[in-house]
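As a plain string of letters, each chain reads:
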Amino acid sequence: MSKLAMNITLNSEQIEFIQQKLKSGRYQDANEVIVEAFRLLEERDITYQKWIEETQEKVDIAIEEIRRGEGIDGEIVVNQLKEKLRQSRQK
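Computed from a predicted structure; not experimentally measured.

Comments concerning the overall build of the chain
The secondary structure content of the chain amounts to three helices and zero strands. Starting at the N terminus, the α and β elements of the chain follow one another as α-α-α. Against the compact-globule benchmark of 12 Å for 91 residues, the chain has a radius of gyration of 23 Å, which places it well outside the compact range. By principal-axis analysis of the C-alpha atoms, the chain measures approximately 60 × 40 × 20 Å. Per-residue burial for the chain yields a buried fraction of 4% across its 91 residues. Summing over all exposed atoms, the chain offers an accessible surface of approximately 8,800 Å²; the carbon and sulfur share of this is 55%. Seen as two clouds, the 15 positive and the 18 negative side-chain charges of the chain have centres 6 Å apart.

See below:
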C-alpha cells in the first residue's frame, strides 16, 4: 500500500468527533478513525450506485410495461398509496 502525505484541516466538531471515537477505546489513533470513515464512505457510495442501477432497471421495465399497455392508471396508484399511508397511521 502506497502512502501519500496530505495536510488537512478539521473543524472543531470533526476534531471532537475523532476524540470521542478515541475515548471509546475502539480506535488506537486518529488514523484508524479516518480509515474507517473512508471505508464507510466507499461502502455508502457502492450501495448508492447499486440503488441507482436498480432504480434505472425498474424505470426501464416500467416504461416497457406502459408501452405494452400494462401500466396502471395514475389515479389508481395514488389512491392505493393513500390507502397504505392511512393504514400505516392506524397501526
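After that view, the rundown keeps rolling.
A closer look at the packing of helix α1 (residues 12-23) against helix α2 (residues 30-67)
A pair of packed helices can be characterised by two numbers: the angle between their axes and the separation between those axes. One way to put it is that α1 packs onto α2 with a least axis distance of 9 Å and a crossing angle of 105 degrees. Classified by the interaxial angle, the pair formed by α1 and α2 is roughly perpendicular. Within the contact between the two elements, α1 uses I18, K21 and L22 and α2 uses A30, V33 and I34. Of the residues that constitute the contact of α1 with α2, the class distribution is five nonpolar, no polar and one charged.

With respect to α1
Its 12 residues place the ends of α1 16 Å apart at the C-alpha level, agreeing with the 16 Å of an ideal helix rising 1.5 Å per residue. At the N-terminal boundary of α1, the capping side chain belongs to N11, with an oxygen 3.0 Å from the backbone nitrogen of E13. Looking at the residues trailing α1, positive phi occurs at G25, about 85 degrees.

Points about the side chain of E36
Within the element layout of this structure, E36 appears in helix α2. A polar side-chain atom of E36 sits 2.8 Å from a polar atom in the side chain of R39. Excluding residues that lie within four positions of it along the chain, E36 makes contacts with R26 and Y27.

What about helix α3 (residues 74-90)?
Compared with an ideal rise of 1.5 Å per residue, which puts 17 residues at 24 Å, α3 spans 25 Å between its outermost C-alpha atoms and is within 8% of the ideal. Capping the start of α3 is the job of one residue whose side-chain oxygen sits 3.0 Å from the backbone nitrogen of E75: D73.

With respect to the environment of R26
Within the element layout of this structure, R26 appears in the loop between α1 and α2. Classification of R26 as exposed rests on a relative accessible area of 60%. Among residues more than four places away in sequence, those in contact with R26 are K21, E32 and E36. Engagement of the side chain of R26 in a polar contact is seen with the side chain of Y27, the distance being 3.5 Å.

The rules we used
Residues numbered from 1 in each chain as written. Predicted model: local features only at pLDDT ≥ 70, side-chain atom pairs only at ≥ 80, totals over all residues. Heavy atoms only, no water. Helix = DSSP H or I, 4+ residues; strand = E, 2+ residues; numbered from the N terminus. Rg over C-alpha atoms; globule rule 2.2 N^0.38 Å. Buried < 20%, exposed > 50% of the residue type's maximum accessible area, 1.4 Å probe, protein only. Areas by Shrake-Rupley, 256 points an atom, 1.4 Å probe, with all protein chains shown as cover. Lys, Arg positive; Asp, Glu negative; His and termini not counted. Charge placed at Lys NZ, Arg CZ, Asp CG, Glu CD. Axes fitted to C-alpha atoms, helices over the stretch in contact; angles between N-to-C directions. Parallel < 35°, antiparallel > 145°, perpendicular 65-115°, else oblique. Contact = heavy atoms within 4.5 Å. Nonpolar A, V, L, I, M, F, W, Y, C, P; charged D, E, K, R; others polar. Expected span 1.5 Å × (residues − 1). Polar contact = N/O pair within 3.5 Å; in protein donor to acceptor, adjacent residues only side chain to side chain.

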